[in-house]
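Each chain, written out:
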Amino acid sequence: MRNPELEADLAYIQKVFAPEDDGLRAIRSRLRENDREGINVSPVEGKILQFLVQAFHCKKVVEVGALYGYSATWIARALPSDARLYTIEKDSFCVQQTKQSLKECSVENKVEVLEGEWGKRLPELSAKGPFDMVFIDANKNGYFEILTWAIANVRKGGLIVGDNTLLFGAAKHDVKPADVSNEAWTAMRAFNQTLADPTKFMSVMLPTSEGMTLAIRL
Ligand code: DHB
Ligand code: MG
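Residues numbered from 1 in each chain as written. Chains lettered and ligands numbered in written order. Predicted model: local features only at pLDDT ≥ 70, side-chain atom pairs only at ≥ 80, totals over all residues. Heavy atoms only, no water.

## What about the coordination of the magnesium ion (ligand 2)?
Expected angles at a metal are 109.5 degrees for tetrahedral coordination by four donors and either 90 or 180 degrees for octahedral coordination by six donors.
At step 1: Donor atoms from the polypeptide that bind the magnesium ion (ligand 2) are Asp137 (OD), Asp163 (OD) and Asn164 (OD1), placed at 2.0 to 2.1 Å.
At step 2: Going along the chain, you hit the donors of the magnesium ion (ligand 2) in the pattern D-x25-D-N. Here Asn164 lies in the loop between strand 5 (154–163) and helix 8 (182–195) and Asp137 lies in the loop between strand 4 (131–136) and helix 7 (143–153), a separation of 27 residues in the sequence. The residues Asp137 and Asn164 share a single accessibility class, namely buried. (Donors = N, O, S within 2.8 Å, 3.2 Å for Na, K, Ca; no water. Helix = DSSP H or I, 4+ residues; strand = E, 2+ residues; numbered from the N terminus. Buried < 20%, exposed > 50% of the residue type's maximum accessible area, 1.4 Å probe, protein only.)

So this is what it looks like as structure tokens:
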């Protein structure tokens, strides 16, 4: 982000509405140590997820792409003790990091970390559905296929949320820019276009710096 005024405004929003405690700060420190900071959601985006979980009274949530469990921690903290977040992560190092994060933030009892490819884990999860919310934050090439699963497995009135749906500036272009893969560009365009159908979804994209698409399944 290169707009200093907007950056200062966002810093104000974070300070007032999305302060981190030591647990969340520790997760970001580990991300930073491993040169992965910035791939996680921001504190304000984490608070938005938490807000949605609470507003929709979510008790069964799926996250695709855990990374180190930063967004999972925000989400889990808004869940009642009998609710569950299932978070899928394919990278075994990230799975270990996520488990550590959840334990250190005392939310491990509300979260099941499912190791493996979403292509394998999502079909298995269907038996535990329907879900109140599906949050998609995985490899961008897979967004449309994950959406197909989400539409089939989220309850009516439930939420589908996608991070990075501006695709780092590429989503708005009607002709694929050279610096993005055809797979990611095609998948994200179809993801947003599908959720924009007012006969099937009540939807909007929050204009966060990454873009966060929100859709209620009608
Ligand atoms: C990337 C992935 C993300 O989910 C994100 O929020 C930011 C960046 C990435 O792969 O670069
Ligand atoms: Mg993301």
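## Let's talk about the pattern of salt bridges
Opposite charge on two side chains lets them pair, provided their charged atoms get close.
At step 1: One pass over the structure, following the stated rule, counts 12 salt bridges.
At step 2: Arg30 is the salt-bridge partner of Glu104, the closest N and O atoms lying 3.9 Å from each other. Of this pair, Glu104 sits in helix 5 (residues 92–104) while Arg30 sits in helix 2 (residues 22–33), placing them 74 residues apart in sequence.
At step 3: Relative accessible area serves as the criterion here: at 10%, Arg30 is assigned to the buried category. (Salt bridge = Lys/Arg side-chain N within 4 Å of Asp/Glu carboxyl O.)

## Here's the deal with the pairing of strand 7 (residues 212–217)
At step 1: Both strand 5 and strand 7 contribute to a ladder of 5 bridges, which runs antiparallel. Of the residues in strand 7, the one forming a bridge with Leu159 is Ile216.
At step 2: Pairing between strand 6 (residues 201–206) and strand 7: 6 bridges, direction antiparallel. Bridging from a neighbouring strand, Leu206 pairs with Met212 of strand 7.
At step 3: Hairpin connection of strand 6 to strand 7: 5 residues between the antiparallel strands, including Gly211 at a positive phi of 85°. (Pairing = 2+ DSSP bridges.)

## Section: the site of ligand 1
At step 1: Lining the immediate surroundings of ligand 1 are Gly38, Ile39, Asp137, Lys140, Asp163, Asn164 and Phe168.
At step 2: A distance of 2.9 Å is found between an oxygen atom of ligand 1 and a side-chain nitrogen or oxygen belonging to Lys140.
At step 3: At 3.0 Å from an oxygen atom of ligand 1 is found a side-chain nitrogen or oxygen belonging to Asp163.
At step 4: Out of a free accessible area of 290 Å², ligand 1 has 69% covered by protein chains. (Near = heavy atom within 4 Å. Polar contact = N/O pair within 3.5 Å; in protein donor to acceptor, adjacent residues only side chain to side chain. Areas by Shrake-Rupley, 256 points an atom, 1.4 Å probe, with all protein chains shown as cover.)

## Some points on helix 7
Given 3.6 residues to a turn, an α-helix orients residues that are three or four positions apart in the same direction.
At step 1: Here helix 7 has its buried residues at Tyr143, Ile146, Leu147, Trp149, Ala150 and Asn153. The buried residues of helix 7 occupy an angular sector of 165° when projected down its axis, which confines them to one face. In this structure, helix 7 carries Glu145 and Ala152 as exposed residues pointing more than 90 degrees from its buried face.
At step 2: Residues of helix 7 that are buried make contact with strand 1 (60–64), helix 6 (118–125), strand 4, strand 5 and helix 8. (Arc of directions from axis to C-beta. Contact = heavy atoms within 4.5 Å.)

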